[in-house]
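Report on the structure
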Amino acid sequence: MCAGCSVNLLWQLLEPRLPAGIPTLIAPLKQHLWQLLRSPASRLSFSNEELQEQAREAAKQAGSTKKKKKKKKGDDDDDELPQIETELPLEAVPDNVAEAEEQGIVLVAPEAARLAVVGVYDEMEANYKLSEHQLAVLEMVGQRRHHGAVQTDMANELGVQHRNFFYVLKMLEARHMIVRNKLMVPLPANQNNHGWSTTSIVHLPRFAPRVVLGAEAVFKEVKTAQGQQLQQQSVQQQGQSSGSYVVRDDATVMQQICDFLGSQNGRYVSESQVKAVLGFTGSATAHRQWRR
């Protein structure tokens, strides 16, 4: 699975962390940093956005082919991703930082460093080693940091059937390498569809939200955050869910309904009265929430 950071994204990540006295990354400073990164001593490898996209498409196509192919008795369960060469020779990497930005050069850390960042230390030496899909998931989740990665997005990108992808995450969760929480995301918009789908939002343990969800609580993706919003510090990535999240707790609403009914001392209360008192009137959205 390809991974890395483009030159332009690297500058965006560094800008907020500059020391006092350096207000911005000026061109000479970028060029100096680029020379250090490009030197063999950095142990970095290089790719570009075109090769990275080809690797992603190859993974999707391999997953789609595997879905259609019926598994015969006695066949091995091949859980490896296709190995596509994405590394550029150093001679093909521009010496000028402006050219590197224009060509979409991507910096890739050594495998040992990437595995250490996502919490893989002695796991590779364990009796049950991590599969290629599990390693790919850890890198994708790590790249999303505090924002987290959506389960369905990762399954689609890796070309894995959703019912099989559940077990990939389950094994990582059993090793305490990821944290999963329920998430509601809107279904693709069309004239006849305004519903929601339930999936999971996945974080590395150190980036997991400090919100403990109750039994009936889930995170809900919204375009404009209202209420208790999670910390979002990652740069948005193309092709993945990128909304803000709020906590939706049905247990709280159910308790409010029960408290209101209990306060009526056995008197008959119509459904419309309960809806009006609790604010489930005035819009189609409020009515759908009540019906749920």
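Report on the accompanying structure. (Residues numbered from 1 in each chain as written. Predicted model: local features only at pLDDT ≥ 70, side-chain atom pairs only at ≥ 80, totals over all residues. Heavy atoms only, no water.)

Scanning the protein chain for helices and strands turns up eleven helices and eight strands. Counting only contacts in the protein chain whose residues sit at least 6 apart along the sequence, the fraction spanning at least 24 positions is 64%. Carbon together with sulfur atoms contributes 51% to the accessible area of the protein chain, which is approximately 18200 Å² in total. (Helix = DSSP H or I, 4+ residues; strand = E, 2+ residues; numbered from the N terminus. Contact = heavy atoms within 4.5 Å. Areas by Shrake-Rupley, 256 points an atom, 1.4 Å probe, with all protein chains shown as cover.)

Once that is clear, we can look at the pairing of strand β2 (residues 45-48). Side chains of β2 alternate between two faces, with Ser45 and Ser47 and Phe46 and Asn48 buried alike. Bridge count between β2 and strand β3 (residues 105-108): four bridges; the pairing is antiparallel. By the bridge assignment, Phe46 is partnered in β3 with Leu107. (Buried < 20%, exposed > 50% of the residue type's maximum accessible area, 1.4 Å probe, protein only. Pairing = 2+ DSSP bridges.)

Our focus in this paragraph is the environment of Leu172. By secondary structure assignment, the location of Leu172 is in helix α8 (residues 162-174). For Leu172, a relative accessible area of 0% puts it in the buried group. For Leu172 and Leu130, which are 42 residues apart along the polypeptide, the C-alpha to C-alpha distance reads 8.6 Å. Leu172 has contacts with Leu130, Gln134, Val137, Leu138, Met177 and Ile178, leaving out every residue within four places of it along the chain.

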